[in-house]
Amino acid sequence: MRLFVALELPPEVKDRLASLAGGLPGVRWVRPENYHLTLRFIGEVPGHLAEELDLALAAIRAKPFPLSLSGLGTFEKGGRVQSLHVVAERTPGLAHLQSKIETALQRSGLPAERKRFAPHVTLARTEGAALPKLAGFIQAHNLFRTEPVMVERFVLYSSQLGKEAAVYTPEVEYDLAA
Ligand code: ATP
Ligand code: MG
C-alpha cells in the first residue's frame, strides 16, 4: 500500500480553500475532497510493515492544538513551479505532533525524512501555468488566512494514484487528547 499521515481539514476550511480555486489557465486544481495537510509521506510498504507503523502511530500521545493557514506559496523543482499551496503556520503544537510521528515511524524502521517539514495544503499542480499569471495570483491572495481550527486527530491514509486524481482513503484515525 501507498501510505501517508495527514491532517484532515474541516468543511469550513475546505470551503475557504475551494473559493481560491479558479482563474489560472493550465493548472490542475486539487478536488476539495482531496485537500489535506501531509505530516509524513510513507510511500509503498508491505502489509506487515503497515501494521507495525499503525501500532507505532497508535502509541503517540499528543495534545489537540490550533491550526491556522496563512498565505500562499509554491514548490519548485528543476526550475519549474510544480505546485501551489496554502501555508500552514508552523506552531509548536503542529511541530510537536509532526516530530512525534517522525520519531515513531523511524523507530519502526522507516528511513529518516530528509526534507525539512514545510506544512502546507496543496491547492493545484502548476506545471502548465504561465509564471506571471501565477505570481499575480499569489500576490492577489497573499492576505488569505483562515481562523484557527482545533486539530483533534491525525489520520493514516492510503493513496491510489489515478490518471485524473489520486484517491485517498482514511485507514486509521488517531485521537489527540489533552
Ligand atoms: P499524484 O502523485 O498523482 O499527483 P498525490 O501527490 O496527491 O497524487 P501521493 O503521491 O500519493 O498523491 O501523495 C500523497 C501525499 O503525500 C500528498 O500530500 C503528497 O504531496 C505527499 N507526498 C508524496 N510524495 C512525497 C514525498 N516524496 N515527500 C513528501 N511528501 C510527499
Ligand atoms: Mg505525488
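Let me begin by describing the structure that accompanies this report. (Residues numbered from 1 in each chain as written. Chains lettered and ligands numbered in written order. Predicted model: local features only at pLDDT ≥ 70, side-chain atom pairs only at ≥ 80, totals over all residues. Heavy atoms only, no water.)

### Looking at the site of ligand 1
Next up, step 1: Around ligand 1, the structure places R2, F4, H36, T38, F41, K115, R125, S159, L161, A166 and Y168.
Next up, step 2: For ligand 1, an oxygen atom lies 2.6 Å from a polar atom in the side chain of T38.
Next up, step 3: The side chain of Y168 places a nitrogen or oxygen atom 2.2 Å from an oxygen atom of ligand 1.
Next up, step 4: Look at ligand 1: alone it shows 600 Å² of surface, and the protein chains cover 69% of it.
Next up, step 5: For ligand 1, the cavity whose grid points lie within 2 Å of the majority of its atoms is the largest pocket.
Next up, step 6: Listed by contribution, the elements that provide at least two residues to the shell around ligand 1 are β1 (2-7) and β3 (37-44).
Next up, step 7: A class-by-class count of the residues in the shell around ligand 1 yields 5 nonpolar, 3 polar and 3 charged. (Near = heavy atom within 4 Å. Polar contact = N/O pair within 3.5 Å; in protein donor to acceptor, adjacent residues only side chain to side chain. Areas by Shrake-Rupley, 256 points an atom, 1.4 Å probe, with all protein chains shown as cover. 1 Å grid on protein atoms, 1.4 Å probe; cavity = no way out; pocket = protein on both sides within 12 Å on 5 of 7 lines; lining within 4 Å. Sits in = over half its atoms within 2 Å of the grid points. Helix = DSSP H or I, 4+ residues; strand = E, 2+ residues; numbered from the N terminus. Nonpolar A, V, L, I, M, F, W, Y, C, P; charged D, E, K, R; others polar.)

### So, the pairing of strand β7 (residues 120-125)
Next up, step 1: Among the 6 residues in β7, 5 count as buried, and that is most of the element.
Next up, step 2: Relative to β7, strand β2 (residues 28-29) runs antiparallel, the two sharing 2 bridges. Within the sheet, the bridge partner assigned to W29 lies in β7 and is A124.
Next up, step 3: The pairing of strand β6 (residues 80-88) with β7 spans 5 bridges and is antiparallel. Bridge pairing links V86 to V121 in β7. (Buried < 20%, exposed > 50% of the residue type's maximum accessible area, 1.4 Å probe, protein only. Pairing = 2+ DSSP bridges.)

### Regarding the sheet that holds β2
One key point about sheets: their strands pair by backbone hydrogen bonds, in either a parallel or an antiparallel sense.
Next up, step 1: One open sheet holds the 4 strands; their spatial order is β2-β7-β6-β5, and the pairing between them is antiparallel. The open sheet is flanked by β2 and β5 (69-77), the only strands paired with a single partner.
Next up, step 2: Against the sheet, helix α4 (residues 131-140) contacts β2, β5 and β6, and its axis sits at roughly 5 degrees relative to β6. (Contact = heavy atoms within 4.5 Å. Axes fitted to C-alpha atoms, helices over the stretch in contact; angles between N-to-C directions.)

### A word on the packing of aromatic side chains
The geometry of an aromatic ring pair is captured by the separation of the ring centres together with the interplanar angle, meaning the angle of the planes.
Next up, step 1: All chains considered together, the criterion is met by 4 aromatic pairs.
Next up, step 2: Ring plane angle 75 degrees and centroid distance 5.1 Å describe the contact between F4 and Y168, whose orientation is recorded as edge-to-face. You can see F4 sitting in strand β1 and its partner Y168 sitting in strand β10 (residues 167-175), a full 164 residues away along the chain.
Next up, step 3: Of the residues examined, F4 reaches a relative accessible area of 4% and is grouped as buried.
Next up, step 4: We classify Y168 as partly exposed; its relative accessible area is 21%.
Next up, step 5: Each member of the aromatic cluster is reached from another via a ring pair, and the members are F4, Y157 and Y168. (Phe/Tyr/Trp six-rings, centres within 6.5 Å; stacked < 30°, edge-to-face > 60°.)

### Regarding the pairing of β6
Next up, step 1: Examined bridge by bridge, β5 and β6 share 7 bridges and lie antiparallel to one another. By the bridge assignment for β6, L69 is matched with A88.
Next up, step 2: Hairpin connection of β5 to β6: 2 residues between the antiparallel strands, including G78 at a positive phi of 55 degrees.

Keep in mind these numbers describe shape, not what the thing actually does.
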